[in-house]
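# Residue-level structural notes
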Amino acid sequence: DVTITALSIMVGKALEAAELLAQDGIEAEVINLRSVRPLDIDCIVQSVAKTNHIVSVEEGWPVAGMGSEIAAIMMEHAFDHLDAPLARVCAKDVPLPYAANLEKLALPQVADIVDAVKKTLNK
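This text gives an overview of the structure that appears in the document. In this numbering scheme, every chain counts its residues from 1 along its sequence in written order. Only residues with pLDDT of at least 70 get local features here, since the model is predicted, and only at 80 or more are side-chain atom pairs given and counted; chain-wide, interface and lining totals rely on the full set of residues. Computation of side-chain values covers all heavy atoms of the structure but excludes hydrogens and water.

### Quick word on the overall build of the chain
- Each helix and strand in the chain was counted, giving 5 helices and 4 strands.
- In terms of overall size, the chain behaves like a compact globule, its C-alpha atoms giving a radius of gyration of 14 Å where 123 residues would be expected to give roughly 14 Å.
- Expressed along its principal axes, the backbone C-alpha trace of the chain runs to roughly 40 × 35 × 20 Å.
- Only protein chains enter the accessibility calculation, which uses a 1.4 Å probe; a residue is then buried when its area is under 20% of its type maximum, exposed when over 50%, and partly exposed in between. Evaluated residue by residue, the chain yields a buried proportion of 42% over its 123 residues.
- Partitioning the contacts of the chain with sequence separation of at least 6, the portion at a separation of at least 24 is 74%.
- Here the chain has roughly 7100 Å² of accessible surface; of this, 54% comes from carbon and sulfur atoms.
- Placing the 10 positive and 18 negative side-chain charges of the chain at their respective mean positions leaves the two points 4 Å apart. Helix and strand labels come from DSSP, where a helix needs a run of H or I of at least four residues and a strand needs a run of E of at least two; each type is numbered from the N terminus. The reference for a compact globule is 2.2 Å times residues^0.38; the radius of gyration itself is calculated from the C-alpha atoms. Throughout, a residue-residue contact means that at least one pair of heavy atoms, one from each residue, lies within 4.5 Å. Accessible areas in this description were obtained via Shrake-Rupley with a 1.4 Å probe; residue shielding takes into account the shown protein chains only. Charged residues are defined narrowly, with Lys and Arg counted positive, Asp and Glu counted negative, and His plus the chain ends left uncounted. Charge placement uses NZ in Lys and CZ in Arg. For Asp and Glu, CG and CD serve respectively.

Structure, rendered in structure tokens:
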């Protein structure tokens, strides 16, 4: 139903989200972006060709991050496959707090990924 791209610590959160989504009958294919240079564009495009939806997950801020790069690449290489715009799940656009409770609010969580997928799929 949806492709989820993630890197670093967000891979684990994306996999957790995929398990929760599966309980709702939503199948998510998680792609671990182990290398961003070179980026395996073909792998992502092939997945999007199957699912027709993509959610990009990263720990970084929304500006000039990997999510914005994935969005641009999908517009160049997979636009005709997409049934909805790419959804980005990333850190809030604020200075990263040091306190653990505030850091959890600033960084993407599993629930944020699940919400983004459901919104992308209109569910």
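Moving on from the coordinates now.
### Description of the sheet that holds strand E4 (residues 87-89)
- Between any two strands, at least two bridges found by DSSP are needed for them to pair. With parallel pairing, 4 strands are arranged side by side in an open sheet as E2-E1-E3-E4. The sheet is open, and its two borders are formed by strand E2 (28-32) and E4, each paired with just one other strand. The mean inter-strand angle of the sheet, taken between neighbouring strand axes irrespective of direction, is 20°.
- Strand contacts of helix H1 (residues 10-23): strand E1 (2-6), E2 and strand E3 (54-57), with the helix running at about 170° to E2, the strand carrying the most contacts.
- Axis definition: a line fitted to C-alpha atoms, limited for helices to the stretch in contact. Angles are taken between N-to-C directions and run from 0 to 180 degrees. On top of the sheet, helix H3 (residues 66-77) reaches E1, E3 and E4; it is set at about 155° to E3, its chief contact.

### Here we look at the pairing of E3
- By the alternation rule, side chains of E3 split into Ile-54 and Ser-56 and Val-55 and Val-57, which are all buried.
- In terms of strand pairing, E1 meets E3 through 4 bridges, oriented parallel. For Ala-6, the partnering residue across the bridge sits in E3 and is Val-57.
- As defined by bridge partners, E3 adjoins E4 across 3 bridges and the pair is classed as parallel.

### Digging into the environment of Pro-62
- Tracing the sequence through the fold places Pro-62 in the loop between E3 and H3.
- Residues contacting Pro-62, with those up to four places away along its chain left out, are Ser-68, Arg-88, Cys-90, Ala-91 and Asp-93.

### Regarding the nonpolar core
- In this text, buried Ala, Val, Leu, Ile, Met, Phe, Trp, Tyr and Cys residues form a nonpolar core when linked through side-chain atoms within 4.5 Å. Judged by nonpolar contacts, the single largest core of 21 residues is most densely connected at Ile-4, Leu-21, Val-55, Val-57 and Val-117.
- Put simply, the parts of the chain that give this core at least two residues each are E1, H1, E3, E4 and helix H5 (110-120).
- The biggest single contributor to this core is H1, with 6 residues.
- The contacts of Leu-21, once residues within four sequence positions are left out, are Ile-4, Ile-26, Ala-28, Val-114, Val-117 and Lys-118.

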